[in-house]
Amino acid sequence: MSSETSGAKTRDEVEKSSQLETYDEKLGLDSLDTSDGDAALQLVGTQATAQFTEEYNRKLRRKLDFVIPTISAAVYFCQYLDKTSLNYARRVFIMGFPIIGQASHNNYNLVSMAFYLGYLIWEFPTVYISQKLRLAKYLGGNIVMWGIILMLHASTNNFRAFFALRFLLGMCESCVAPCLILIISMFYKKDEQAQRIAWFYIMNGLTQVFGGFVAYGISFDNGKILPPYKIIYILLGALAVVVGIVVLIWLPDSPVNASILTREERIAALERVRNDQGGTENKKFKKDQVIEALTDCRTWLIVLSTILTSIPNGALSNFSNIIVKSFGYTSKQTLILSTPGGVIGSAMVVFCGWYSDKKGERMIPIVFALIPTIVGAAILVGLNGSSNKGVLLFATYIIGTFGSALSTIYAYNASNTSGHTKKVTINAMTMATFSIGNIIGTEIFQPKDAPAYIPGKTAIMVLLIVQLFVSYLLRWINIRLNRKRKAQLEEEKARRGWTDQDVQRERERHAFADLTDRQNIFFIYTC
């Protein structure tokens, strides 16, 4: 009997030991394999051996700020101008714009949609190609190509060619946001990322101002040499080519091989972000990380958030000027009167980025961004047909604040996802959903609803009210995950007898192992 009891205890111990090993593997402990980790390990290893002062890190961050957000802003400036060039070209169609001169309102919708169809179809291939290549070089090559394609818009006078060019433009531009988000996440700490993303995303609003004034000036051209819409496409395309060359030369791919930094600065750049557990780059495609991304409920809530905010974007980016014109203004007056909305939208982007990093929040700034849009849409619906142009214009100015939501979603992805393949997968899903939302958005403003477009405006209001609830749900999930993670870590400390120094050593060891946020017990979510 004694022998049987002894044997039973041994089996229990073996089973318990096996359970602990499985638990350790799940949390990325003991079984940690750094041979498959990030490229950063080649430069800094698994333990922090170099220490840098706060002053040194501040100077390094200023150096990075001078290059990365600045070039990123130039890229986004070009992208948004290019993306909305159809809107501006349409406003000066009096000199022979083919989509209006030869086709109907429906064809304008189709050409608007073509950009996002190309964007959608090429999104997943482009992010996985970028994972295998030098990130900034791949981005720069795509920018040069889209500049050339944009200039080719001036060479065609028929609908089919225009549709094809817009489709190719969407393909080339589909890599922009995923590449820039990855670069920001590699160089900046979690409490710095939202502001840096806001610094380039602000271009969405500023290009509305710039593009409006440029299109207004060009609209006075008599078209004797070139129709004004062709001038728009040639100028914007040439600008994109120049920006693409700048990206190829100066934008760094990652801290590991950043030519703008010395070797010491590269090490410091990596050590700055080590404790965030976000990792850097890893060229190996990992199927298990794709599966984790697809089975993470937060991924699908981000997808839902993106589509809820992208449908209004697709509608307003192509029809905002039409709405203003419906108040009784001329095409030229509309170009100028639409610009204040870009200033207000830009101010909201800056505020949300600042608040997001300052308070360690990602979802609350989205709520701040959505409320003015909901109010603006309600005013446009409620005062439809009103002669009070001032109030209606005010509504169109505040309706664009929702754009800040997408920049905050970018920041959410950057600071709440770890594992390089998981990152690129979630970024691809986000941007693919962005294109789907924009495709739907181009269709919610139907010709039969002109000029008031009440169903479209109502849809915008309803979609964003739903997003308010989704934002709070995501925030609650992350808070809950952090509490569970903290309890797990305390349990491990007690079980293993770890000191605070032991915990820090393990945290450093896990930082660049290319673990996902689920696998890494030291990863903390930003709510």
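Only a predicted model underlies this, so the values are computations on that prediction, with no experimental measurement involved.

1. As for the nonpolar core
- With 111 residues, the main nonpolar core has Val-75, Tyr-76, Leu-139, Trp-146, Phe-187, Leu-251 and Tyr-410 as its most contacted residues.
- In terms of residue count, the dominant contributor to this core is helix α3 (residues 54–91) (11 residues).
- Setting aside anything within four residues of it in sequence, one finds Tyr-410 in contact with Tyr-76, Ala-177, Ile-181, Ile-197, Tyr-201 and Met-431.

2. So, empty space enclosed by the protein
- For the coordinates displayed, the defined rule picks out 6 cavities of 30 Å³ or more.
- Taken as a whole, the second largest cavity spans an internal volume of roughly 130 Å³.
- Around the second largest cavity, the lining comprises 17 residues; the ones closest to its centre are Tyr-201, Asn-204, Asn-313, Leu-406 and Phe-434.
- Breaking the lining of the second largest cavity down by element, the ones donating at least two residues are α3, α14 (297–325), α19 (403–416) and α20 (420–441).
- Broken down by class, the residue content of the lining of the second largest cavity amounts to 10 nonpolar, 6 polar and 1 charged.

3. Focus: the layout of surface pockets
- Considered as a void within the structure, the largest pocket measures approximately 380 Å³ in volume.
- Considering the residues around the largest pocket, the lining is formed by 18 residues, among which Phe-52, Glu-54, Asn-57, Glu-271 and Arg-272 are closest to the centre.
- Those elements giving two or more residues to the lining of the largest pocket turn out to be α3, α12 (263–274) and α22 (500–510).
- Looking at side-chain class alone, the lining of the largest pocket contains 4 nonpolar, 4 polar and 10 charged residues.

4. Focus on the packing of helix α8 (residues 176–187) against α20
- Orientation of α8 relative to α20, taken along the N-to-C sense of each, is 140°, at an axis distance of 9 Å. Overall, the two elements α8 and α20 adopt an arrangement that is oblique. The two elements α8 and α20 meet at a crossing, and its hand is right-handed. For the pair α8 and α20, the contacting residues are Ala-177, Pro-178, Ile-181, Leu-182 and Ser-185 in the first and His-420, Lys-423, Val-424, Asn-427 and Met-431 in the second.
- Partitioning the contact of α8 with α20 into residue classes produces 6 nonpolar, 3 polar and 1 charged.

5. Overview of the environment of Tyr-410
- Structurally, Tyr-410 is set in helix α19.
- Sequence spacing of Tyr-410 and Leu-182 is 228 residues, and the spatial spacing of their C-alpha atoms is 9.8 Å.

6. A word on helix α21 (residues 454–496)
- The end-to-end C-alpha distance of α21, which contains 43 residues, comes to 63 Å, matching closely the 63 Å that a straight helix rising 1.5 Å per residue would cover.
- Looking one or two residues past α21, Gly-497 carries a phi angle of roughly 70°, positive in sign.

7. Looking at the pattern of salt bridges
- Per the counting criterion, the structure on display carries 24 salt bridges.
- The closest approach of N and O atoms between Glu-265 and Lys-63, which form a salt bridge, is 2.9 Å. Of the two residues, Glu-265 is situated in helix α12 and Lys-63 in helix α3; the sequence distance between them amounts to 202 residues.
- We classify Glu-265 as buried; its relative accessible area is 15%.
- Here Arg-509 ties to Glu-506 by a salt bridge, and the two come within 2.7 Å at their closest N and O atoms. One end of the pair, Arg-509, and the other, Glu-506, are both in helix α22, 3 residues apart, so they sit about a helical turn from each other. When sorted by exposure, Arg-509 lands in the same class as Glu-506, which is buried.
- Residues joined in a network through salt bridges with shared partners are Glu-292, Asp-296, Arg-298, Lys-422 and Asp-517.

8. Topic: the packing of aromatic side chains
- Across all of its chains, the model carries 18 aromatic pairs by this definition.
- On the numbers, 6.0 Å between centres and 35° between planes, the contact of Phe-351 with Tyr-355 is tilted. Here Phe-351 and its partner Tyr-355 are both found in helix α16 (residues 339–359), 4 residues apart, which amounts to about one turn of the helix.
- The class of Phe-351 is partly exposed, set by a relative accessible area of 35%.
- For Tyr-355, a relative accessible area of 18% translates into the label buried.
- An angle of 75° between the planes, with centres 5.1 Å apart, marks the rings of Tyr-355 and Phe-368 as edge-to-face.

9. Points about the side chain of His-153
- Among the structural elements, His-153 can be located in the loop between α6 (135–152) and α7 (159–173).
- From its side chain, His-153 meets the backbone oxygen of Ile-149 in a polar contact 2.9 Å long.
- Those residues in contact with His-153 that sit more than four places away from it in its chain are Phe-162, Leu-165, Arg-166, Leu-169, Tyr-229 and Tyr-233.

10. Focus on the packing of helix α9 (residues 190–201) against α19
- Where α9 contacts α19, the axes come no closer than 9 Å and their chain directions differ by 145°. Crossing angle aside, the handedness with which α9 passes α19 is right-handed. Together, Lys-190, Gln-193, Ala-194, Ile-197 and Tyr-201 of α9 and Gly-403, Leu-406, Ser-407, Tyr-410, Ala-411, Ala-414 and Ser-415 of α19 make up the contact between the two elements.
- In the contact of α9 with α19, the residues fall into 7 nonpolar, 4 polar and 1 charged.

Reading the values: the criteria
- Residues numbered from 1 in each chain as written.
- Predicted model: local features only at pLDDT ≥ 70, side-chain atom pairs only at ≥ 80, totals over all residues.
- Heavy atoms only, no water.
- Core = buried A, V, L, I, M, F, W, Y, C linked by side-chain atoms within 4.5 Å.
- Buried < 20%, exposed > 50% of the residue type's maximum accessible area, 1.4 Å probe, protein only.
- Helix = DSSP H or I, 4+ residues; strand = E, 2+ residues; numbered from the N terminus.
- Contact = heavy atoms within 4.5 Å.
- 1 Å grid on protein atoms, 1.4 Å probe; cavity = no way out; pocket = protein on both sides within 12 Å on 5 of 7 lines; lining within 4 Å.
- Points joined across faces, edges and corners; volume = space filled by probe spheres on them.
- Nonpolar A, V, L, I, M, F, W, Y, C, P; charged D, E, K, R; others polar.
- Axes fitted to C-alpha atoms, helices over the stretch in contact; angles between N-to-C directions.
- Parallel < 35°, antiparallel > 145°, perpendicular 65-115°, else oblique.
- Left-handed = near helix turned anticlockwise from the far one by under 90°.
- Expected span 1.5 Å × (residues − 1).
- Salt bridge = Lys/Arg side-chain N within 4 Å of Asp/Glu carboxyl O.
- Phe/Tyr/Trp six-rings, centres within 6.5 Å; stacked < 30°, edge-to-face > 60°.
- Polar contact = N/O pair within 3.5 Å; in protein donor to acceptor, adjacent residues only side chain to side chain.

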